[in-house]
Amino acid sequence: MHRRTPVVRTFENGLTVVLDVDREQPRVAARVVARWGAADDPAETTGLAHLVEHLVVNKGTRRLGVVSEGGDAALQARIAAAYRAGDVVARERLEREAAALAVPNELKQAWGALGGKGLNASTSHDRTDYTIDLPASHISAWAAIETDRFGGPVFRTFGTEVGTVLQEIARSGDSPDRATWGVMRDALWAGHPYGRAVLGSEDHVAAATPDAALDFFRAGYGAANLVACLAGDFDLDETLALLAR
């Protein structure tokens, strides 16, 4: 069966969209790709791309994932200041206070209520992908949610997420496949950004701060560095107009 070539558009703010109409099922596979990955990690803070992926995928925004926007914003600012000051006791206390205001997994819950499936993300050396499969009737909800997610993410439970990534690094040391790939990666790419482990070094991740994560996000997640991809059952012209808005 002949398939039409996907439509590619770049808007004035630099955002690129790739649209592929396929009427076979009343669903849409959606992906936002940041052309920003582990190869873009600063040499002294490896693992930031992967950590930021963890934080963006489901930690929420100024509106999602929190019961009190104003109170949460003040706490997040104090948490960042405690990290800058190296005050471990204060930051742990403040993060416990902030956790009481958080609504865990609210983005995932919202998509579940809308019939979305497969909310996920992944990091490679060259890019970071954020995916969801959704009913065709909810493209406008996807556009609103993703605009909010990439326009105003909040890195809640930062210390907890650092701990999660450190556990992932520890588990990777027990994987023969990862160990083999690590040796081959070092041999092929020694001294090159591709030679860095996507997960980063344990020391670097353990020392990560909210400021560093936010700086990394701002550097690589501007509209001109993002590609929004939709494949499925939708009207091409209506969807282009929606994404333009």
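Heads up: the structure comes first, above all this text.
Criteria and thresholds
Throughout, a residue's number is its position along its own chain's written sequence, starting from 1. Whole-chain, interface and lining totals are the exception, using all residues; otherwise, since this is a predicted model, local features are given only for residues with pLDDT of at least 70 and side-chain atom pairs are given and counted only at 80 or more. With hydrogens and water set aside, each side-chain value is computed from the structure's full complement of heavy atoms. By definition here, a salt bridge exists when the distance from a side-chain nitrogen of Lys or Arg to a carboxyl oxygen of Asp or Glu is within 4 Å. Segments assigned H or I by DSSP are reported as helices when at least four residues long, segments assigned E as strands when at least two residues long, and all are numbered from the N terminus. Between any two strands, pairing holds if DSSP finds at least two bridges. Three exposure classes are used, based on accessible area relative to the maximum for each residue type with a 1.4 Å probe and protein chains only: buried under 20%, partly exposed in between, and exposed over 50%. Throughout, a residue-residue contact means that at least one pair of heavy atoms, one from each residue, lies within 4.5 Å. Note on method: axes are straight lines fitted to C-alpha atoms, helices fitted across the in-contact stretch only, with angles between N-to-C directions ranging 0 to 180 degrees. Roughly parallel refers to an angle under 35 degrees, roughly antiparallel to one over 145, roughly perpendicular to one between 65 and 115, and oblique to any angle outside these ranges. Definitions for this section: a left-handed crossing has its near helix turned counterclockwise from the far helix by less than a right angle. A right-handed crossing has that turn clockwise. To define a nonpolar core, start from buried Ala, Val, Leu, Ile, Met, Phe, Trp, Tyr and Cys residues and group those joined through side-chain atoms within 4.5 Å. Three residue categories are used. Nonpolar comprises Ala, Val, Leu, Ile, Met, Phe, Trp, Tyr, Cys and Pro, charged comprises Asp, Glu, Lys and Arg, and polar comprises the others, including Gly. Helix span, as expected, comes to 1.5 Å for every residue beyond the first. Relevant arc is that of directions from the helix axis to the C-beta atoms, nothing else.

### A closer look at the pattern of salt bridges
Taken as a whole and assessed by the stated rule, the structure comprises ten salt bridges. Among the ionic pairs, Asp233 bridges to Arg23, the shortest N-O distance being 2.5 Å. One end of the pair, Asp233, is in the loop between β6 (226–232) and α10 (236–244); the other, Arg23, is in the loop between β2 (16–21) and β3 (27–34), with 210 residues separating them in the sequence. Glu161 is the salt-bridge partner of Lys59, the closest N and O atoms lying 2.8 Å from each other. Highlighted residues: Lys59 in the loop between α1 (48–58) and α2 (69–85) and Glu161 in helix α6 (residues 158–172), separated in sequence by 102 residues. Ionic contacts of the salt-bridge type, sharing partners, join the residues Arg31, Arg127 and Asp129 into one network.

### Points about the pairing of strand β4 (residues 117–123)
The pairing of β4 with strand β5 (residues 128–135) spans five bridges and is classified as antiparallel. Note on β5: the bridge partner recorded for Thr123 is Thr128. Here β4 folds back onto β5, and the loop between the two strands holds four residues.

### What to know about the environment of Ile169
Among the structural elements, Ile169 can be located in helix α6. With a relative accessible area of 13%, Ile169 lands in the buried category. The sequence separation of Ile169 and Ala197 amounts to 28 residues, and the corresponding C-alpha distance is 9.7 Å. Setting aside its immediate chain neighbours within four residues, Ile169 contacts Leu199, Gly200, Ser201, Glu202 and Val205.

### Quick notes on the packing of α2 against helix α3 (residues 88–99)
When two helices pack together, their arrangement is given by the angle between the helix axes and by the axis-to-axis distance. Relative orientation of the contacting elements α2 and α3 amounts to 160°, with a least axis distance of 9 Å. What the angle tells us is that α2 and α3 run roughly antiparallel. Between α2 and α3 lies a crossing of left-handed hand. From α2, Leu75, Gln76, Arg78, Ile79, Ala82 and Tyr83 reach across to α3, where they touch Ala90, Arg91, Arg93, Leu94, Glu95, Glu97 and Ala98.

### Things to note about the nonpolar core
Considering soluble globular proteins, one finds that nonpolar side chains tend to be buried as a cluster. Residues Trp142, Phe158 and Tyr221 are the most contacted members of the largest nonpolar core, which totals 57 residues. With seven residues, the single largest contributor to this core is α1. Among residues more than four places away in sequence, those in contact with Phe158 are Leu51, Leu55, Tyr83, Glu95, Ala208, Thr209, Pro210 and Ala213.

### Topic: the packing of α1 against helix α9 (residues 210–220)
In contact at an axis separation of 10 Å, α1 and α9 are set at 90° when each is read in the N-to-C sense. If you check the angle between α1 and α9, you find them roughly perpendicular. Along the contact surface, α1 presents Leu48, Ala49, Val52, Leu55 and Val56, while α9 presents Ala212, Ala213, Phe216 and Phe217. Residue classes in the contact of α1 with α9 are distributed as nine nonpolar, no polar and no charged.

### A word on helix α5 (residues 139–151)
Between its first and last C-alpha, α5 extends 18 Å over 13 residues, near the 18 Å set by a 1.5 Å rise per residue. Regarding α5, the residues found buried are Ile139, Ala141, Trp142, Ala143, Ile145, Glu146, Asp148, Arg149 and Phe150.

### A look at the side chain of Gln76
Among the structural elements, Gln76 can be located in helix α2. For Gln76, a relative accessible area of 15% corresponds to the buried category. For Gln76, the residues in contact, after removing those within four places along its chain, are Ala98, Val154, Phe155 and Arg156.

### What to know about α9
The set of residues buried in α9 consists of Pro210, Ala213, Phe216, Phe217 and Gly220. The buried residues of α9 occupy one face: seen down the axis, they fall within an arc of 130°. Every exposed residue of α9 that faces more than 90 degrees away from the buried side is listed here: Asp215, Arg218 and Ala219. On its buried side, α9 packs onto β3, α1, α2, α5 and α6.

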